[in-house]
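Given next are the chains, with one letter for each unit.
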Amino acid sequence: MLRCTAMGFALGSAVSLALVIVSFLTPVADKWRMIGFFLPAAMILCGAGGAMYRVRDRDAARTADACGLQERTVTALETLSAHDDGIAREMRDAQLQDTCDALEHLDLKKIRPGSVRLMLAAGLITCGLCAASLLIPNVRDQEAMHDRTLREQLSQASTEIDAAAKTDESAMNEKEAAALRRLTEELKRELVDSRDEVDALVAVDRAEKRLEEIRQTTAADAMQALANALQAAGLDTLAGCLGDEQALAEALSGMDAETAEMLEQVAEDLSGAAREAAQAMASSRQTDQSTSGNGQQNRMEDAQAAASQAVRTLQSGSTGATQQALQQLKSAMNGTSGTPDQSGSSGQSGTSGQSGAGEQSGRNEQSSGAGTGSSNLEHQPTSGSNSGGKGNNPPGYREGKYETIYDPERAEVLTRDETTEQHAGEGDSVQVQIGEGKGTLEGDVPYGIVLREYSDSQTRSAERENLTPEQRTWVAEYYRLLTEDNGQ
Amino acid sequence: MTNQDSVRGFADQFETLRNEISKEMIGQQSVVEHLLFAVIAGGNVLLEGVPGLGKTHLVRVLSRVLDLPFSRIQFTPDLMPADITGTNILVRTETGNSFRFQEGPLFASIVLADEINRATPKTQAALLEAMQEHSVTVAGETRQLPEPYFVLATQNPVEQEGTYPLPEAQLDRFMFKVLVPFPTLEELSGIMNLTVGDSGKQAARVMGAEDLLRMRETARQVPIASSVQEYALKLVLSTHPEQPEVPAVSRKYLRFGASPRAAQSILSTARVRALTQGRFNVSFEDIRCVAPACLRHRLELNFTAVTEGVTMEHVIDQLLEDNQNAH
C-alpha cells in the first residue's frame, strides 16, 4: 500500500508537471485547482488499490528472503506441497521449521523500501519543478485568467442587461416587450459564446442596432399615443406640432393655464415616454407670466427647453435603461481590452504609409456618436511600429474579426501611377492600387462605427504627417470614396 | 543413525571432520572445505599448487579421518596404464599355471594421483573410467571399484616441461579444481611447529564409509528453489561465448564454456555447503561460493585474454557479478 501510494504520488506529480508544461503552450483554466485535486486523488486511489491488491505469496517470499533469509522462504513455498518419504521428508520438515524460525525472527526494518524512496524522490522532484514554474512568466496563465475575468464580467453584464430590459418592458406594449426580450435573450447567448472582448463587442453592437429599431418603434408609438391623447383632449395644435421642435416651442410659449392643466391630465392617462413628454410640455407654463420684454423672453426660453425635452423624450423611446446597460458593457469591454480607441490600422494597405502615431487623438472625439470604438488589437502599437499590411503586426497582436474587412488584398486590382511633386521631373512615380477590397461590408460587423473612427483618425494623421499636398489629397479622396460607398 | 540425525546432525558431522583434519593441516581452510564438499558430494578433485604445500599430506589425513583405503600413484612419464589399473599375472598354483588379476593402485577408496600431468595421455586416459564409472576394465573384464571412491589429483603449475596437460574430457571429470595457496606467515609458523617441532597431534578416525555415504545421500535431498537452480544454470550458459545474450566478458575472453557436468557439480556441492551452514535449502550464496572451483578448469581463455593478461579468476568473478545483476 505504501509503495502504491508513493507510485500515485509520483504519477500525480508527473501529470501535474505535464499540465504545467501544457499551460505554457495553451491556456489552462484553474490549473492549480486541478493539480490540487488530482495529486491527492492519485495518491488515494493508488493507495486504495494497493491496499486491496493481494500480494502474491512468491513476491512476499522474495521480499522476506532479501532480508537475509537466504532463499528459505521461497524454497519452503515451493516444497510445501511435496510428498516425500524417508530422508527427503525429514529434510523438507527441517527446512520448513528452519524457515518458520527465521521468519519469526525477521526484522521488518530490513525490508528495503528502495522503490518507495525512489518514487517519493521522483514525486518530490516533479513537484519542485511544478513549483519552480511559478517563477517563469506564463503568458497563457494570464490569458486564462483574463478569460475567466471576461466570463465573470459578461455574466454580470447579462444580469444587468436582463434587469434593465425588464424595466424598459414595463413601459412597452406586448409586441415591443417580446421583441426586447428576444433581443436580450439572444444577446445573453452571444455573450456566453464570446471568446474574447471583440466577440462581445460585436454582439453588443448587433444588439444596439436592433435596440435602435425597437427604440424607433417605441418612439413612434409614444408620439402617436401622445398625439392621440392631445387630440382627444382638444389640443390639436399641440398634437400637430409634436414632430417640429420649433413649432412646439412657439405653441408652448403662448400656452395658458387651462391648457397646462389639460396637458397634466393627458400626462396622467399616458405612460412611458409619452407621459414624460406631456409632463415636460406642461411644466413650460410655470414661468414668469409678465408681459414685459424679459418675461416674454423667459417664457420663450422655457418653452424652447420644454419642447426640446419633450421631443428628445419622445425620440428616445422606452429603451433607455437597456441602452445604458449596453453602453456600460461596451465601456467595460473596451476597458478590459486595453485599447479602446484604436482603429483597425493593422489591416491597411502598405501603400498609405501611415503609422499609428496619430491615432491616439481620436480617443477624445467620441461625441458624434461613434461610440467608444472597437479594436482588433490587443496591445497598443508603438508609434511607427505599425506600417500597415499583414506581417508587420506588433508583438502580442492577435488577429480579430475585423481583419478581413481591411485585408489589403484586392479582388480586382487596378493600378494608377501617381507622380508626386518631389518626384516630378525625375520620371519616378508611385504606383497605387485601387479597387474594391476583399472584405465584405455586410454581416454583423459594426462597420459604420469603425469606419467613422478610422476615417477621422487617419485624416488627422495625414494632416500631421509630412505629406505632400498630393498625398493628402489622395488620402482624403480615399476615405471620401470609402464613406460614400458605405452611404455615410 | 536416524534420518533426523542425518539431516540435523549434518553440520555437526562436517564440523567434526574439518576440525579433525585441521589438527594436521594448518591453514588452508578453504582448501579443506572445498575438498570435503567434493568428497561428500561424490566428486573428484584436482589440487593445484607449488610443491611442498601439503597436498599429498592432506589427502592422507583425509583418508585417515574417513578411515578409507588410500593409495598414492606418483605419475611419471614412463607410467603405463596397467601400472595403475592392475594386470593379469601368471601364477603357479597346485593345479597348474593360471592368470590372476593383480589389482592396481586404483583399487582403493581414495586415490591420490600425484602430478597427474606428468603421465602420458594413455595413462591419464586409464583414469577416466575409474573416475567416472568407478570401475576398471582389464582384458575385457570390468571390475567395480569400492564405494565411496574418489580420485584426488595434484598438479604443479610451475613445472611445465615434460608434462602432458590434461585433456578437456578428463578435466571435466573433476568436480573441483582447488588452488592451494602458499601459507601465510602465521600458517607457516604453525606448520613448522607441527612438523619440525614436537606437537604430537594426529588426526583420528571420525567416520567410516557408511557415514560418508549417508552424508552424501542426505545432501542429495536438500531442496533447491527453482530460481536458485535457474541462476546456476544461467551461470553455466553464460560461459559459452557462442550463446546469445551472454555477458561481454564471455564473448571477449572465453574460447569455450563449461559442460552440463559443471552445472551438476555446482548444484551437488551447493547442497553440501548449505547443510554445512546450518540451512536446509540452497541459496544464491552457496552457488556463488562453489561456482569458481567448478568452473575454473572447465573454461578456456582465448588469445585475447592471454595477451591482455586476463586471468580465469577475473573472468569468473565478472560472470558471477553479471549474473547477479541480471537476477
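Residues numbered from 1 in each chain as written. Chains lettered and ligands numbered in written order. Predicted model: local features only at pLDDT ≥ 70, side-chain atom pairs only at ≥ 80, totals over all residues. Heavy atoms only, no water.

The next thing to look at is the overall build of chain B. Of the regular secondary structure elements, chain B holds 15 helices and eleven strands. Residue burial in chain B is summarised as follows: out of 327 residues, 53% are buried. Taking the intrachain contacts of chain B between residues at least 6 apart in sequence as the baseline, contacts between residues at least 24 apart amount to 74%. When the accessible surface of chain B is totalled, it reaches about 14700 Å², and 50% of it is carbon and sulfur. (Helix = DSSP H or I, 4+ residues; strand = E, 2+ residues; numbered from the N terminus. Buried < 20%, exposed > 50% of the residue type's maximum accessible area, 1.4 Å probe, protein only. Contact = heavy atoms within 4.5 Å. Areas by Shrake-Rupley, 256 points an atom, 1.4 Å probe, with all protein chains shown as cover.)

Once that is clear, we can look at the interface of chain A and chain B. Across the boundary between the two partners, chain A contributes 18 residues, which contact 23 residues of chain B. Between chain A and chain B, roughly 1700 Å² of surface is buried when both sides are summed, and carbon and sulfur atoms account for 63% of that area. The three residues of chain A that bury the most area against chain B are A:Glu71, A:Ile87 and A:Met91, which together make up 36% of that side's buried surface. Summed over the shared surface of chain A and chain B, the result is zero salt bridges. Counting across the interface, chain A meets chain B through seven residue pairs in polar contact (both at pLDDT 80 or more). Of all elements in the fold, only α4 (72-79) and α5 (86-104) of chain A reach the threshold of two or more residues within the side of chain A that touches chain B. The leading source of residues in the side of chain A that touches chain B is α5(A), at ten residues. Here the residues of the side of chain A that touches chain B sort into five nonpolar, six polar and seven charged. (Buried area = accessible area lost by both parts, 1.4 Å probe. Salt bridge = Lys/Arg side-chain N within 4 Å of Asp/Glu carboxyl O. Polar contact = N/O pair within 3.5 Å; in protein donor to acceptor, adjacent residues only side chain to side chain. Nonpolar A, V, L, I, M, F, W, Y, C, P; charged D, E, K, R; others polar.)

Bringing the side chain of B:His34 into the picture now. Residue and element names in this part refer to chain B. Note on placement: His 34 falls in helix α3 (residues 29-41). Residue classification places His 34 among the buried positions, given a relative accessible area of 10%. Beyond its immediate sequence surroundings of up to four residues, His 34 is in contact with Phe 176, Val 178, Cys 289 and Ala 293.

Residues and elements named next belong to chain B. Pairing in this open sheet of five strands is parallel, and the strands run β2-β5-β8-β1-β9 from one edge to the other. In the strand order of this sheet, the two ends are held by β2 (70-74) and β9 (174-179), each with one partner. If you compare each strand with its neighbour and ignore which way they point, the axes differ by 20° on average. As paired strands, β2 and strand β5 (residues 110-114) are joined by five bridges and run parallel to one another. By the bridge assignment for β5, Arg 72 is matched with Leu 112. (Pairing = 2+ DSSP bridges. Axes fitted to C-alpha atoms, helices over the stretch in contact; angles between N-to-C directions.)

Moving on: the packing of aromatic side chains. For the structure on display, the rule yields six aromatic pairs over all chains. Both rings, one in A:Tyr478 and one in A:Tyr479, keep their centres 4.8 Å apart while their planes meet at 90°; by these two values the pair is edge-to-face. Centroid distance B:Phe101 to B:Phe107: 5.7 Å. Interplanar angle 70°. Geometry classified as edge-to-face. The two residues B:Phe101 and B:Phe107 agree in class, both being buried. One aromatic cluster is present, formed by A:Tyr454, A:Trp474, A:Tyr478 and A:Tyr479 through successive ring pairs. The ring of B:Phe101 is capped by B:Arg143, whose NZ or CZ atom sits 3.8 Å from the centre of that ring. (Phe/Tyr/Trp six-rings, centres within 6.5 Å; stacked < 30°, edge-to-face > 60°. Lys NZ or Arg CZ within 6 Å of the ring centre and 35° of its normal.)

So, on to the confidence of the model for chain A. All names here are of chain A. Overall, the predicted model of chain A reaches an average pLDDT of 75, with 74% of residues at or above 70. Across chain A, α4 holds the top mean pLDDT of 90, while strand β1 (residues 414-418) sits lowest at 64. A low-confidence stretch, residues 338-392 (pLDDT under 50), is modelled with 129 contacts involving residues beyond four sequence positions or located in other chains. Here residues 400-408 is a poorly scored stretch, pLDDT under 50, and it has 34 contacts once near neighbours within four places are set aside; other chains count. (pLDDT = per-residue confidence, 0-100.)

Residue and element names in this part refer to chain B. Two elements in contact, helix α10 (residues 226-237) and helix α13 (residues 284-295), have axes whose closest approach is 10 Å; the angle formed by their N-to-C orientations is 25°. In terms of their interaxial angle, α10 and α13 are classed as roughly parallel. In this structure, α10 crosses over α13, and the sense of that crossing is right-handed. Together, Ser 227, Val 228, Tyr 231, Ala 232 and Leu 235 of α10 and Phe 284, Ile 287, Arg 288, Ala 291 and Leu 295 of α13 make up the contact between the two elements. Of the residues contributing to the contact of α10 with α13, the split by class is eight nonpolar, one polar and one charged. (Parallel < 35°, antiparallel > 145°, perpendicular 65-115°, else oblique. Left-handed = near helix turned anticlockwise from the far one by under 90°.)

The subject of this paragraph is the environment of A:Val22. All names here are of chain A. One can find Val 22 in helix α1 (residues 2-23). When its relative accessible area of 36% is taken as the criterion, Val 22 is described as partly exposed. With 118 residues separating them in the primary sequence, Val 22 and Arg 140 have C-alpha atoms 9.4 Å apart.

Here the focus is the pattern of salt bridges. When charged atoms on two side chains of opposite charge get close, those side chains can pair. Using the criterion set out here, one finds 34 salt bridges over all chains in the structure. Among the ionic pairs, A:Glu186 bridges to A:Arg210, the shortest N-O distance being 3.2 Å. A residue pair is termed long-range when its members are at least 10 positions apart, and A:Glu186 in helix α8 (residues 174-193) and A:Arg210 in helix α9 (residues 197-232) qualify at 24 residues. With relative accessibility at 27%, the residue A:Arg210 sits in the partly exposed group. Across the salt bridge formed by B:Glu20 and B:Lys23, the nearest N and O atoms sit 3.2 Å from each other. Under the relative-accessibility criterion, B:Glu20 is labelled buried at 11%.

All names here are of chain A. A grouping of Leu 11, Val 15, Phe 37 and Phe 38 is seen on the molecular surface, where their side chains present a nonpolar patch of about 380 Å² in accessible area. Breaking the nonpolar patch down by element, the ones donating at least two residues are α1 and α2 (31-52). Residue placement: Phe 37 occurs in helix α2. Note on Phe 37: relative accessible area 61%, which makes it exposed. (Patch = residues over 30% accessible without salt bridge, like charges linked within 9 Å, V, L, I, M, F, W, Y side chains within 5 Å.)

Let us now look at a negative patch on the surface. Residues and elements named next belong to chain A. Negative charge collects at one region of the surface, where Asp 256, Glu 258, Glu 261, Glu 264, Glu 268 and Asp 269 lie side by side. Mapped onto the secondary structure, Glu 268 falls in helix α12 (residues 257-269). The exposure class assigned to Glu 268 is exposed, which follows from its relative accessible area of 58%. (Lys, Arg positive; Asp, Glu negative; His and termini not counted. Charge placed at Lys NZ, Arg CZ, Asp CG, Glu CD.)

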